[in-house]
Structures are given as structure tokens and as C-alpha cells.
Amino acid sequence: MITTIVFLENFRTWERAVKKVNYRNKEIITAGGVVFVIILILMNVYSAFYWDDTDFLEYTMLSAACIGFSGLLDDIYGTNAVKGLKGHFSELLRGKITTGNVKAIMGLSIACFLSMKKNEFWPEIFIDTLIIALSTNLLNLMDLRPGRACRFFLFSIALMFLYFLHEGSTNLIYYFMPLVASVLVFLFYDSRELLMMGDVGSNVLGICLGMMISWGSSFYVKIGVLSFLIGIHLVAEFYSISEILERIISFRKKTL
């Protein structure tokens, strides 16, 4: 927590910090989610002294650095002209390279790499690849309002932690606790519109969530999660997830 606070307080004072306009037309410093990459790297170095599964440490650090880079590229050079997975891949088929389709290709490639390193059973490789890739993109979809991506990540992680406790597998809980603490701190900055995490942050959180699901869940649990992810992405291609969530929140306020 202290590392995150110190970094973010200094990050806000950097002269060349990139700013973007949010949904309320307020200019805010973005890419603050780079702190999650830093936390994961420091966490990996510390955990290497007592963690038995060093492969998982290396894969987490590598994937966070790679997907974080592609997200940072989009934060600095990207535009909102093309949206959605369909839009990005359509641009790619037309021979146009954008930060969005670079990010999509990187995410899918990293997801495939992680799945092949974990499994030898091809159906499970395919399932894990989709889970990691779609989890990464889902956090991007959630990061359209202050604090929403942080809250969704924390809620999802809480469910996973309960599942791990039920299954008696606690190693992943201890491993990801520093990242959870960092997200709790970032939620304060994000929800008050002091900073935006940017794609660099949402990408890292998404791929960590996907890795946690693919590494720690049973085959049938992963089938259920994948069904949910495919469903919400199909909806997102035709409707705005933000508008749907806002209507649900508005309806709940009226009924309470």
C-alpha cells in the first residue's frame, strides 16, 4: 500500500504525464495503472525467495510487463476512433495497424503462451486462452467510469478467494494480496477522479484475473466462466456496457 501511495503521489507531479478527457469532459492524468506492473515485479522478486512454483512467478511478471506495455502504447498514442474487438480486427484485415489491434494481438498471444505453458490437453488450452484474453478485454470494458474497473476486479477476486478457500488452495490468495492492496489504494484516486488507470492498468488487472481463474479453477468452473465472458462480449458488440450498468444502478436507486 505504501509503495502505491508514494508512487501515485509522485506520478501526479510528473511534468510530461499524459492526460485524457474522461466521460465528464474533465482532463485527468492517465496511465496511473503502471503502478500495478511495478507492484507485480516487486512482488515477484520478494516471492521468489519462498515460493515453490517459480514458473508461475516468471509467467506473471512477463505477462504483466508485456500486456502493460501494449496498454501504455494505447494510452499514449491511441484514439477512440475504433472500438470493440470486431472494429480492431476489421482494421487489421484492411492492413491498418492501430494501437488497439496491437493490444488485441498481444493479449491473445500472451494468453495462448500462458495456456500452452500450463496445459497439454488441447481443449483446455483453448479454453484457458479465451478466458485470459477475454478477462483482459473485460477489464478494459469496465474502465469507462471512475472506480468501476477497480470495483469489478476486487469483487471478482473476492469470489475467487472464496473459491480457493473452499478448495483448500491458498497459495494464490497470498500471492495476489499485494496487488489487491494496491488496487484498493488506487480505487481512492480513481473514484475521486484524481487519476485514471488507463489501459496499462486495466490490461494488467484483467490478465491477472484470467491467470488466477485458469491456474486455480476446475475444468467445469472454467466452462462456466468462459460462457459468462463470451456472453458479455457478445452483448458489448451491440450495446454499451456502461449504459446497461447505469440503467441497472438507476433502477435499483428508484426501487430502494
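You'll find the structure just up there.
Residues numbered from 1 in each chain as written. Predicted model: local features only at pLDDT ≥ 70, side-chain atom pairs only at ≥ 80, totals over all residues. Heavy atoms only, no water.

A. Fine view of the overall build of the protein. Scanning the protein for helices and strands turns up 11 helices and 2 strands. Reading the protein from its N terminus to its C terminus gives the helix and strand order α-β-β-α-α-α-α-α-α-α-α-α-α. Looking at the protein as a whole, 48% of its 256 residues qualify as buried. Counting contacts in the protein only where the partners sit at least 6 residues apart, residues at least 24 apart contribute 74% of the total. Entry remark: accessible area of the protein is about 13700 Å², with carbon and sulfur atoms responsible for 64%. (Helix = DSSP H or I, 4+ residues; strand = E, 2+ residues; numbered from the N terminus. Buried < 20%, exposed > 50% of the residue type's maximum accessible area, 1.4 Å probe, protein only. Contact = heavy atoms within 4.5 Å. Areas by Shrake-Rupley, 256 points an atom, 1.4 Å probe, with all protein chains shown as cover.)

B. Here's a closer look at helix H1 (residues 2-11). Those residues of H1 that fall on the buried side of the exposure criterion are Thr-4, Phe-7, Leu-8 and Phe-11. Taken down its axis, H1 places every buried residue within 95° of arc, on the same side. (Arc of directions from axis to C-beta.)

C. Up close: the packing of aromatic side chains. Tallied over the entire structure, the rule returns 13 aromatic pairs. Both rings, one in Phe-219 and one in Tyr-220, keep their centres 5.7 Å apart while their planes meet at 85°; by these two values the pair is edge-to-face. Look at Phe-219 and you get partly exposed, because its relative accessible area is 28%. Chaining the aromatic ring pairs together yields one cluster made of Phe-56, Tyr-59, Phe-113, Tyr-175, Phe-176 and Trp-215. (Phe/Tyr/Trp six-rings, centres within 6.5 Å; stacked < 30°, edge-to-face > 60°.)

D. Examining the pattern of salt bridges more closely. All told, the structure shown has 6 salt bridges when counted by the stated rule. Arg-24 is paired through a salt bridge with Glu-193; the nearest N and O atoms lie 2.9 Å apart. Of this pair, Arg-24 sits in the loop between strand E1 (19-21) and strand E2 (27-29) while Glu-193 sits in the loop between helix H8 (171-191) and helix H9 (198-216), and the two are 169 residues apart along the sequence. You can call Glu-193 buried: its relative accessible area is 12%. One network of salt bridges, with partners in common, ties together Asp-74, Lys-103 and Asp-199. (Salt bridge = Lys/Arg side-chain N within 4 Å of Asp/Glu carboxyl O.)

E. The packing of helix H2 (residues 34-47) against H9, seen in detail. One can describe the packing of H2 onto H9 by two numbers: an axis separation of 7 Å at closest approach and a directional angle of 45°. Taken as axis vectors, H2 and H9 run oblique relative to one another. On H9, the residues that touch Val-34, Phe-36, Val-37 and Leu-40 of H2 are Val-200, Gly-201, Val-204, Leu-205 and Cys-208. When the residues that make up the contact of H2 with H9 are grouped by side-chain class, the tally is 8 nonpolar, 1 polar and no charged. (Axes fitted to C-alpha atoms, helices over the stretch in contact; angles between N-to-C directions. Parallel < 35°, antiparallel > 145°, perpendicular 65-115°, else oblique. Nonpolar A, V, L, I, M, F, W, Y, C, P; charged D, E, K, R; others polar.)

F. Structural context of the nonpolar core. Of all hydrophobic cores here, the largest spans 66 residues; its most connected members are Phe-36, Phe-153, Phe-176 and Leu-179. For this core, the element with the most residues is H8, which contributes 11 residues. Phe-36 has contacts with Leu-179, Ser-182, Val-183, Phe-186, Met-197, Gly-201, Val-204 and Leu-205, leaving out every residue within four places of it along the chain. (Core = buried A, V, L, I, M, F, W, Y, C linked by side-chain atoms within 4.5 Å.)

G. Representation of the packing of helix H7 (residues 148-167) against H9 in the model. It is at 11 Å that the axes of H7 and H9 come closest, and there the two elements cross at 15°. Overall, the two elements H7 and H9 adopt an arrangement that is roughly parallel. As H7 runs across H9, the sense of the crossing is left-handed. Where H7 abuts H9, its residues Phe-152, Phe-153, Ser-156, Ile-157, Met-160, Phe-161, Tyr-163 and Phe-164 lie against Leu-205, Leu-209, Met-212, Ile-213 and Gly-216. Classifying every residue of the contact of H7 with H9 gives 11 nonpolar, 2 polar and no charged. (Left-handed = near helix turned anticlockwise from the far one by under 90°.)

H. Geometry of H2. Over its 14 residues, H2 runs 20 Å from end to end, which matches the ideal 20 Å to within 8%, given 1.5 Å per residue. Among all positions of H2, only Val-35, Phe-36, Val-37, Ile-39, Leu-40, Met-43, Asn-44 and Ser-47 are buried. (Expected span 1.5 Å × (residues − 1).)

I. Broad picture of a nonpolar patch on the surface. Together, Ile-41, Val-45, Tyr-46, Phe-49 and Tyr-50 give the surface a local cluster of nonpolar side chains, amounting to about 600 Å² of exposed area. Position of Tyr-50 relative to the elements: it lies in the loop between H2 and helix H3 (54-77). (Patch = residues over 30% accessible without salt bridge, like charges linked within 9 Å, V, L, I, M, F, W, Y side chains within 5 Å.)

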